[in-house]
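Reading the structure
Each chain, written out:
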Amino acid sequence: MVQVELAAFTTALICLAVSSAAGVWSALTKPGHAGGLRGTRRAAGLVHWVALTASLIAVTLSLVLRAIQTGHGPFSSMYEFSVAFAWGIMLMALIFSRLYRLRLIGLIGAAGALGLMIFAANLSSRAAPLMPALQQSLLLSTHVGSAVISYGALAIGFGAAIAYLFKSPEQPEAEVLDRLSYHCVIIGFFFLTLVIILGAIWADIAWGRYWNWDPKETASLVTWLLFAAYLHARLTRGWKGKKAAVLLIAGFAAVLFTFLGNYIFNSLHAYN
């Protein structure tokens with residue numbers, strides 16, 4: 001089973017590389033090109049979507065096989081959560097690209113997930129015994145699953161915000177990117193709130209307190225406050241466009257800080 005899991009992981013990595021390359025080619029070939037180039041662009045777009053979908057299936061298989069082997073969700077190591085994070089990005093990319101009919105979102109998802117999978121490939125994939133605090137498997141699986149969906153949606157919103165900054169506000173695609181990033185934050189914020197609530201319940205069970213001001217807890221709270229500020233500014237101050245994009249980017253920087261926190265500070269949430 002370990003070999004099948006490794007094969008699924010490797011397949012996902014290869015498919016993501018193919019999807020990213022095809023997505024770049026499709027994006028660089030302008031729609032106005034005639035003849036062979038137009039057909040090449042269409043073919044590249046098809047390869048991009050097929051490879052991205054195949055990657056999601058392969059990563060799903062890898063995570064399921066891992067859960068069968070270990071008896072718990074992807075929360076005992078940085079390797080497991082990195083793979084799950086990549087899964088969340090791919091899922092959100094496929095959903096939002098279909099909803100908005102925007103090729104760029106698929107490319108953002110493929111590139112982001114590929115980066116995470118390469119990162120995971122350089123980590124130890126050895127399954128270690130769970131520490132006592134991590135043995136509330138159903139609660140922890142729900143807690144981490146919410147984080148995966150939240151981070152995946154926020155990653156797509158972040159990519160859309162970056163893309164927006166390179167567009168002229170007069171371009172129709174710019175308005176779509178601005179709206180898409182806002183909708184990503186709505187979903188990401190909802191699940192991030194769930195992450196904090198479930199984490200507090202877990203903390204009370206594991207450590208006897210709902211909140212310990214642990215560095216990773218504090219980083220999650222700061223992240224939540226930044227996205228709360230984004231939604232507040234958007235809804236009550238009418239922030240759109242560049243100002244909203246910059247605030248979203250700052251919020252996602254906090255997501256990455258929280259994600260990589262194990263390498264920055266000592267935490268009750270630490271894992272290898």
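Fair warning: this is a prediction, and the values are worked out from it, not measured in the lab.

With that settled, the discussion passes to the nonpolar core. By size, the foremost hydrophobic cluster in this structure holds 70 residues, and its most contacted members are Ile-105 and Ile-156. When contributions to this core are tallied by element, the ones reaching two or more residues are helix 1 (2–28), helix 2 (36–70), helix 3 (78–100), helix 4 (103–121), helix 5 (137–165), helix 6 (172–207), helix 7 (215–236) and helix 8 (241–259). At 15 residues, the largest contribution of residues to this core is made by helix 5. Setting aside residues up to four positions removed in sequence, Ile-156 forms contacts with Ile-89, Met-92, Ala-93, Ile-105, Ile-108, Gly-109, Leu-180 and Cys-184.

Quick look at the packing of helix 7 against helix 8 now. When two helices pack together, their arrangement is given by the angle between the helix axes and the distance between those axes. Between helix 7 and helix 8, the least distance of the axes is 9 Å, while the angle of their chain directions is 165°. Of the possible angle classes, the one that applies to helix 7 and helix 8 is roughly antiparallel. Crossing handedness for the pair helix 7 and helix 8: left-handed. In contact with Lys-216, Ala-219, Ser-220, Thr-223, Leu-226, Phe-227, Ala-229, Tyr-230 and Arg-234 of helix 7, helix 8 contributes Ala-244, Leu-247, Leu-248, Ala-250, Gly-251, Phe-252, Ala-254, Val-255, Phe-257, Thr-258 and Phe-259.

All right, on to the packing of aromatic side chains then. Ring pairs (aromatic) are described by centroid distance and by the angle formed between their planes. All chains considered together, the criterion is met by 11 aromatic pairs. Between Phe-158 and Phe-252 the ring centres are 4.6 Å apart and the planes differ by 20°, which places this aromatic pair in the stacked class. A residue pair is termed long-range when its members are at least 10 positions apart, and Phe-158 in helix 5 and Phe-252 in helix 8 qualify at 94 residues. One aromatic cluster is present, formed by Phe-81, Phe-85, Phe-119, Tyr-151 and Phe-259 through successive ring pairs. Above the plane of the ring of Trp-49 lies Arg-98, whose end atom (NZ or CZ) is 5.6 Å from the centre.

Reading the values: rules and limits
- Residues numbered from 1 in each chain as written.
- Predicted model: local features only at pLDDT ≥ 70, side-chain atom pairs only at ≥ 80, totals over all residues.
- Heavy atoms only, no water.
- Core = buried A, V, L, I, M, F, W, Y, C linked by side-chain atoms within 4.5 Å.
- Buried < 20%, exposed > 50% of the residue type's maximum accessible area, 1.4 Å probe, protein only.
- Helix = DSSP H or I, 4+ residues; strand = E, 2+ residues; numbered from the N terminus.
- Contact = heavy atoms within 4.5 Å.
- Axes fitted to C-alpha atoms, helices over the stretch in contact; angles between N-to-C directions.
- Parallel < 35°, antiparallel > 145°, perpendicular 65-115°, else oblique.
- Left-handed = near helix turned anticlockwise from the far one by under 90°.
- Phe/Tyr/Trp six-rings, centres within 6.5 Å; stacked < 30°, edge-to-face > 60°.
- Lys NZ or Arg CZ within 6 Å of the ring centre and 35° of its normal.

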